[in-house]
Structures are given as structure tokens and as C-alpha cells.
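Examination of the molecular architecture
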Amino acid sequence: ATGATSATGATGAGSLVEFVQTSTPQTLTLATPTTVLTLPTVITTAGQEIKLDFVGEIELTTGPGVGNYQYTVSYTLFNGVTPLATLTAEKDHNESSAATRVYGEILSLTWVDVPAVGAQNYRIEVTVTGTNITTIIVLTRALNAIIFG
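Description of the structure in this document. Quick caveat: nothing in here was measured; it's all calculated off a predicted structure.

**Observations concerning the sheet that holds strand β3 (residues 34-38)**
Taken together, the four strands give an open sheet; going across it, the order is β3-β10-β6-β7, and neighbouring strands pair in antiparallel fashion. Of all strands in the sheet, those with a lone pairing partner are β3 and β7 (82-94), marking the two edges. Taking each pair of neighbouring strands and ignoring which way they run, the sheet shows an average axis angle of 20°. Sheet topology places strand β6 (residues 68-79) next to β7; 12 bridges connect them, and they run antiparallel. Its bridge partner being in β7, Tyr 71 is matched across the sheet by Lys 91.

**Describing the pairing of strand β10 (residues 122-131)**
Of the strand pairs in this sheet, β3 and β10 are connected by four bridges, and their pairing is antiparallel. Paired with Thr 34 across the strands is Val 126, a residue of β10. Alignment of β6 against β10, held across 10 bridges, turns out to be antiparallel. Across the sheet, Val 73 pairs through a bridge with Val 128, a residue of β10.

**A short note on the nonpolar core**
One finds Ile 58, Tyr 75 and Leu 143 to be the most contacted residues of the largest nonpolar core, which totals 32 residues. For this core, the secondary structure elements donating two or more residues are β3, β5 (49-62), β6, β7, β8 (101-113), β10 and β11 (133-148). When residues of this core are assigned to their parent elements, the largest contribution, six residues, is made by β11. Each residue touching Tyr 75, except ones within four places of it in the same chain, is listed here: Phe 54, Gly 56, Glu 57, Ile 58, Ala 85, Thr 86, Leu 87, Leu 107, Ile 124, Glu 125 and Val 126.

**Here's the deal with the pairing of β5**
Each regular strand shows side chains that alternate between the opposite faces of the sheet. Examined bridge by bridge, β5 and β11 share 13 bridges and lie antiparallel to one another. Its bridge partner being in β11, Phe 54 is matched across the sheet by Leu 143. As paired elements, β5 and β8 share 13 bridges and run antiparallel to each other. What sits directly across from Thr 61, in β8, is Val 102.

Here is what the cut-offs are and how they apply
Numbering of residues starts from 1 in each chain and follows the order in which that chain's sequence is written. For a predicted model such as this one, the threshold for reporting local features is a pLDDT of at least 70, and the threshold for listing and counting side-chain atom pairs is 80 or more; totals across whole chains, interfaces and linings nevertheless cover every residue. Side-chain numbers here rest on the full set of heavy atoms in the structure, without hydrogens or water. DSSP calls a pair of strands paired once it identifies at least 2 bridges connecting them. Helix and strand definitions follow DSSP, with helices as H or I runs of at least four residues and strands as E runs of at least two, each counted in order from the N terminus. Only the stretch in contact is used when fitting a helix axis, every axis being a line fitted to C-alpha atoms; angles between N-to-C directions are given from 0 to 180 degrees. Side-chain atoms within 4.5 Å link the members of a nonpolar core, which is a set of buried Ala, Val, Leu, Ile, Met, Phe, Trp, Tyr and Cys residues. Classification of residues uses two cut-offs on accessible area relative to the type maximum, computed with a 1.4 Å probe and protein chains only: under 20% is buried, over 50% is exposed, and between them is partly exposed. Any two residues whose heavy atoms approach within 4.5 Å are treated as being in contact.

Here it is, written out as C-alpha cells:
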């Protein structure tokens, strides 16, 4: 059975989706901030809100014979030059191994921005610092924006 019909709601602006995603590996240099994702420019009007979702996978390798290692991985969400949020993963180990070791980190972030009217330029930057790290590779990563209002 069909329920009662009510009045139609007001027509709104709806929402828009912008996204960028890749699984192409990108090699990073230790202690060098590197942009790994950039959304297409989003033009906003008064009262709009933008929900941003990010996930990123990074792989760090230590060389053979390393007795200890330490690393800090920081992902920062920017709008233009303004940092909005930073996620950090840290590890500090003292273990001897004759083998090369590979470590992975997967970080995710959800953020709501209420920007000024105009062009919004969202990007994700990664910085890795540490000791006895031989290679750093960013793997699968994605940044999505849903624009409301």
C-alpha cells in the first residue's frame, strides 16, 4: 500500500562531489614535504560547507643490519597555504635484523570546512622524518570533497 502524499519540499542547490585518487606509487624524500594529492579547484558561495575525506597508504623500508629505526609520518590537509588538519603516525623500534624490513601505515581523516566565498584549493602534503629509513613510497590514496549548500 502507498502512504499519504505530502507537499513537495523546497528545491535546493543540492550537493556536488569532487575527488582525486590514485594507486600510482610516489617515492618521497626524507624530511621533504611533498604534495601527494590535489583536488580540482572548488568554487564556493556563501553558506556552503565542504566535507573532506582522505585516506593514504605509505610504505617505509629499513636497510639490512639496522639495529634501530624511528619514523614520523605526517599527512596535512591544506586549503591553499592554510593547514586545516594534520594526522601523524610514529614508530620507534630497537630491534636487530639482518633482513630488510618494510613497514606500512594507513591513515584516514574526515574534516568539515566552512570556507570563505571563492576558490578553494585543497591538497594533501606528506612529510616523513626519521632515522635508518632507506625508502619511502606513498601508495593508494584518495581525497574526496562533498560540497553542501
